[in-house]
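As a plain string of letters, each chain reads:
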Amino acid sequence: MKRRFLPVNHFALFLFVLLVVAQTFAQDIPLSRQMADSFMARHKDSILVGKNTFTRWDYEQGLMLKAIEKVWLRTGEGKYFEYIRKDIDQYVDKDGNIRTYKFDEFNIDNIPTGRALLTLYQQTQPNKEKYKKAADLLWKQLSEQPRTKEGGYWHKKRYPNQMWLDGLFMAEPFAAEYSLLFKHPEHFDDIANQFALIEKYAVDEKTGLIYHAYDESREQKWADKTTGRSPNFWARAIGWYAIALVDVLDYFPQNHPKRIELIKYVQRLAPVLAKYQDKESGLWYQVIDQGNREGNYFESSASCMFIYALAKASRMGYIDPSFAANAKRGYAGALKQFVEKEADGLLSLNKTVSVGGLGGTPYRDGSYAYYLSEPIRKNDLKGIGPFIFASIEMEIAAENAVGKNKTVGLDYHFNHEFKKQPDGSDEPFHYTWEDKLHSGFWLWGNTFRELGAKTVPVSTAPTAENLREIDVYIIVDPDTKKETSAPNFIQPNDITAIENWVKAGGVLVMMANDTANCEIQHFNELAGKFGMQFSSKNRNMVQGTQFEQGKLMIPADSKAIFKTANKIYIKELSPLLVSGPAKSALTDQGDVICGVAKYGKGTVFAVGDPWLYNEYVDGRRIDTSFENFEAGKDLAEWLLKQVVKK
């Protein structure tokens, strides 16, 4: 028996939406995860798209892998990463060749799966150069992709002179991340130009809606002979464009002069989407401006894309926060209209149009009748992927008030290690926000960001001035001379600046390491101000993969901080010695593992290991019985709650 969501009568009350979800499923598993798990259960070994009888490199595959990646980063469950890796490894050989991919077709739909290649390349794992080689091949396609006279990508070689809205999603998020990762700053002008051309030639002057495509040559039968535009506003095409905008901004340099133009495009589009959102259901129609005209219907993929774009743009500050309410109303409608639970417990998504195109054989004329003629599918990937995108944003929105207007600074001065890049330049690494390898803090930083906080590096010695805007200041594993030729030891003036900042309400986090790998002496001079000392004892000395040797259980009296985690992993740590004003926050076998001190208006938290770096929170290294990811989120939330209002 299939079970549908209960009716939602008050769309504006997001907490009510969450209550409906909880009552319907009677379990505390986020919908993003439930839908991803359902998808993976139906596509166990590979991703089969539509009615295909064999797997092939495909943009729907790329969309789903990005959705699954979002769930991985949200949960720290390694099975999601492994699903991505195993899928991609069916296509990419050791030399970076991609099975079923045809370079000379110049099909821009072949680019989106490149985002999964970049994800895999940035992780610590063997033989990962093949992912870069495959990404380089897709980058080469873009560099040679046929273009309009003004530089816009043709959608495909066999669709000459045509720019489609779909193409912005297909190419530009990959191009932006590749450009940032492999240092091609000159390409950001080209990325901005792709959007500028759509704004110039495809935006309707009266409604602000965007036509599906335009033909520079005006030769296609579907093209208006004056403007070159296709005749109708297909909702999913606009959805592709909206996702492309908010995702490209993740990688677009903050100081690039064209960044503000992209944000203005989001600001222009948001009120248009709000205008055409159905007031009663909160959803959007297949042909977005035709309302309940005969044959028109609420379409799931476009609705989920708009929910995602409005929610993310609101969260990132690109548009007025009031648009978050539109996203919430839309999500409530999506739960009511599109989502159902099957008898086997898996989630399904209904009412996704199978395809929408122009030209080709048989010829697609872009008419209203055409867009209504394409089949509607259940569990179509183009709907499931955006539903997961939207669910992730809704889950973030439900909890990110705790970090609003708060800044978390990570020390890059006392911890100041570098590694050589392929171009010979030095790059900071090891416990940095940017480092996505196992050595970095990217994933814990992402937790802070999803809780609503801003994360920044603190690259110079602490002073009253450079700590002024910092609410939480994290110092991790100060360098020894073994790690850095000229380490920055903690000095008396550093201690004075930090002590005064804490006294005024700052939240300080001190993460040491075992005594062989941390400059303990000077770090202890700082810790001593708050009644704590990192001892010379080393414990939890783990041999190889005998991870249980690093086990720590969270007792009931430590739930004030670690409210959800029960079992964590910390290896080779230095226990603490505590005295007033400090006290233990976690004790194991007589050893103080974590200490807390209230000092003036501020708070200090200390632990003898940097245990929340990527290697031990991403679910890939230690087994799933450990809950470091959950503990990291617990700690982040607790730290943010200690911040004193300014």
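What you see is a predicted model; the values in this text were computed from it and never measured.

Undergrad: Before we move on, can you summarise the overall build of the chain with the specific residues and values?
TA: When you go through the chain residue by residue, the secondary structure sums to 18 helices and 20 strands. Taken against the 2.2 N^0.38 rule, which gives 26 Å for 646 residues, the C-alpha radius of gyration of the chain at 26 Å falls within 12% of a compact globule. Principal axes of the C-alpha set define a box for the chain whose edges measure 80 × 55 × 45 Å. Looking at the chain as a whole, 62% of its 646 residues are labelled buried. Contacts in the chain between residues far apart in sequence, at least 24 positions, make up 71% of those at least 6 positions apart. Accessible surface for the chain amounts to roughly 25300 Å². Of this, 52% is attributable to carbon and sulfur atoms. Separation between the mean location of the 82 positive side-chain charges and that of the 82 negative ones in the chain comes to 4 Å.

Undergrad: Explain the environment of Thr460 to me, using residue names and the numbers behind them.
TA: As for its position among the elements, Thr460 is in the loop between β11 (454–458) and β12 (472–476). Considering only alpha carbons, one finds Thr460 and His413, 47 residues apart in sequence, at a separation of 5.3 Å. When sequence neighbours within four positions are dropped, the list of residues in contact with Thr460 reads His413 and Asn466. Of the polar contacts made by the side chain of Thr460, one reaches the side chain of Asn466; its length is 2.9 Å.

Undergrad: For the packing of aromatic side chains, give the residues involved together with the corresponding values.
TA: Under the defined criterion, the tally for this structure stands at 35 aromatic pairs. Ring geometry for Tyr59 against Trp240: centres 6.1 Å apart, planes inclined by 80°, an arrangement best described as edge-to-face. Of this pair, Tyr59 sits in helix α3 (residues 59–75) while Trp240 sits in helix α9 (residues 235–248), and the two are 181 residues apart along the sequence. A relative accessible area of 2% places Trp240 in the buried class. A centroid spacing of 5.2 Å and a plane angle of 70° characterise the contact between Trp284 and Phe306, whose relative ring orientation is edge-to-face. Linking Trp284 in the loop between α10 (259–275) and α11 (300–315) with Phe306 in helix α11, this pair joins segments that are 22 residues apart in sequence. The residues Trp284 and Phe306 share a single accessibility class, namely buried. Of note, Arg449 hangs over the ring of Trp442, and the distance from its end group to the ring centre comes to 5.5 Å.

Undergrad: Break down the confidence of the model for the chain for me, with residues and values.
TA: In this model, the chain carries an average pLDDT of 94, and 96% of its residues clear a pLDDT of 70 or more. Within the model, pLDDT remains below 50 along residues 1–13, and this stretch shows 40 contacts once partners closer than five positions in the same chain are excluded. Under a pLDDT of 50 for its full length, residues 20–26 has, in the predicted model, 19 contacts with residues more than four places off or in other chains.

Undergrad: Describe the pattern of salt bridges, and please don't skip the residues or the numbers.
TA: In this structure the tally under the stated criterion is 39 salt bridges. Among the salt bridges present, the one from Glu150 reaches Lys200, with a minimum N-O distance of 3.1 Å. With a gap of 50 residues between them, Glu150 in the loop between α6 (129–144) and β2 (162–164) and Lys200 in helix α8 (residues 187–201) connect regions that are remote in the sequence.

Undergrad: Tell me what's going on with the packing of helix α2 (residues 31–42) against α3, and back it up with residues and numbers.
TA: Interhelical geometry of α2 versus α3 gives an angle of 130° and a closest axis separation of 10 Å. With respect to α3, the element α2 is oriented oblique. Considering the relative orientation of α2 and α3, their crossing is left-handed. Note on element contacts: α3 touches α2 through Met64, Ile68, Val71 and Thr75, opposite Ser32, Arg33, Ala36, Phe39 and Met40. When its residues are assigned to classes, the contact of α2 with α3 shows 6 nonpolar, 2 polar and 1 charged.

Undergrad: Give me helix α18 (residues 628–642): which residues, what numbers.
TA: With 15 residues, α18 extends 21 Å from end C-alpha to end C-alpha; this agrees with the ideal 21 Å at 1.5 Å per step. Among the 15 residues that make up α18, 12 are buried, leaving the element largely enclosed by the rest of the structure. Within α18, the full set of buried residues consists of Asn628, Phe629, Ala631, Gly632, Asp634, Leu635, Ala636, Glu637, Trp638, Leu639, Leu640 and Gln642.

Undergrad: Go over the environment of Asn446 with me, naming the residues and quoting the values.
TA: Among the structural elements, Asn446 can be located in helix α15 (residues 442–450). Asn446 sits 59 residues away from Gly505 along the chain, and the two C-alpha atoms are 24 Å apart.

Undergrad: Give a detailed account of α10, specifying residues and quantitative values.
TA: Between its terminal C-alpha atoms α10 stretches 25 Å, which fits the 24 Å expected from 17 residues at 1.5 Å a residue. Taken together, the buried positions of α10 are Arg259, Leu262, Ile263, Tyr265, Val266, Leu269, Ala270, Val272, Leu273 and Ala274. As for α10, its buried residues are in contact with α8, α9, α11 and α12 (323–337).

Undergrad: If you had to explain the packing of α11 against α12 to someone new, which residues and values would you point to?
TA: With their axes 8 Å apart at the nearest point, α11 and α12 run at an angle of 150° to one another. For the pair α11 and α12, the sense of crossing is left-handed. Listed contacts from α12 to Ile307, Leu310, Ala311 and Ser314 of α11 are Phe323, Ala324, Asn326, Ala327, Gly330, Tyr331 and Ala334. Here the residues of the contact of α11 with α12 sort into 8 nonpolar, 3 polar and no charged.

Undergrad: I'd like a description of the pairing of strand β10 (residues 426–429), backed by residues and values.
TA: Pairing between strand β9 (residues 417–420) and β10: 4 bridges, direction antiparallel. Looking at β10, one finds that Lys419 is bridged to Glu427.

Undergrad: Give me the state of the cysteines: which residues, what numbers.
TA: Enumeration according to the criterion identifies 0 disulfides in this entry. In this model Cys518 remains outside any disulfide bridge; the closest cysteine sulfur is found in Cys594, 15 Å from its own. For Cys518, a relative accessible area of 4% puts it in the buried group.

Undergrad: I'd like a rundown of the environment of Ile475, residues and numbers included.
TA: Looking at where Ile475 falls in the secondary structure, it is placed in strand β12. With sequence-adjacent residues up to four places away left out, Ile475 is seen in contact with Asp411, Phe414, Ile498, Leu508, Val509, Met510, Met511, Phe523 and Leu526.

Undergrad: Tell me about the side chain of Ser354, residues and numbers included.
TA: With respect to the secondary-structure elements, Ser354 resides in the loop between β6 (352–353) and α13 (368–373). We classify Ser354 as buried; its relative accessible area is 5%. Once residues lying within four places of it in the same chain are set aside, the contact partners of Ser354 are Arg236, Glu374, Pro375, Arg377, Asp380 and Lys382.

Undergrad: Could you give me a rundown of the pairing of strand β19 (residues 591–599), with the residues and numbers involved?
TA: Among the 9 residues in β19, 8 count as buried, and that is most of the element. Bridge analysis of strand β18 (residues 582–588) against β19 gives 6 bridges, and the strand direction is antiparallel. When the sheet's bridge partners are listed, Thr587 is paired in β19 with Val592. Between the end of β18 and the start of β19, which pair antiparallel, lie 2 residues, with Gln589 showing a positive phi angle near 50°.

Rules of the game
Residues numbered from 1 in each chain as written. Predicted model: local features only at pLDDT ≥ 70, side-chain atom pairs only at ≥ 80, totals over all residues. Heavy atoms only, no water. Helix = DSSP H or I, 4+ residues; strand = E, 2+ residues; numbered from the N terminus. Rg over C-alpha atoms; globule rule 2.2 N^0.38 Å. Buried < 20%, exposed > 50% of the residue type's maximum accessible area, 1.4 Å probe, protein only. Contact = heavy atoms within 4.5 Å. Areas by Shrake-Rupley, 256 points an atom, 1.4 Å probe, with all protein chains shown as cover. Lys, Arg positive; Asp, Glu negative; His and termini not counted. Charge placed at Lys NZ, Arg CZ, Asp CG, Glu CD. Polar contact = N/O pair within 3.5 Å; in protein donor to acceptor, adjacent residues only side chain to side chain. Phe/Tyr/Trp six-rings, centres within 6.5 Å; stacked < 30°, edge-to-face > 60°. Lys NZ or Arg CZ within 6 Å of the ring centre and 35° of its normal. pLDDT = per-residue confidence, 0-100. Salt bridge = Lys/Arg side-chain N within 4 Å of Asp/Glu carboxyl O. Axes fitted to C-alpha atoms, helices over the stretch in contact; angles between N-to-C directions. Parallel < 35°, antiparallel > 145°, perpendicular 65-115°, else oblique. Left-handed = near helix turned anticlockwise from the far one by under 90°. Nonpolar A, V, L, I, M, F, W, Y, C, P; charged D, E, K, R; others polar. Expected span 1.5 Å × (residues − 1). Pairing = 2+ DSSP bridges. Disulfide = S-S within 2.5 Å.

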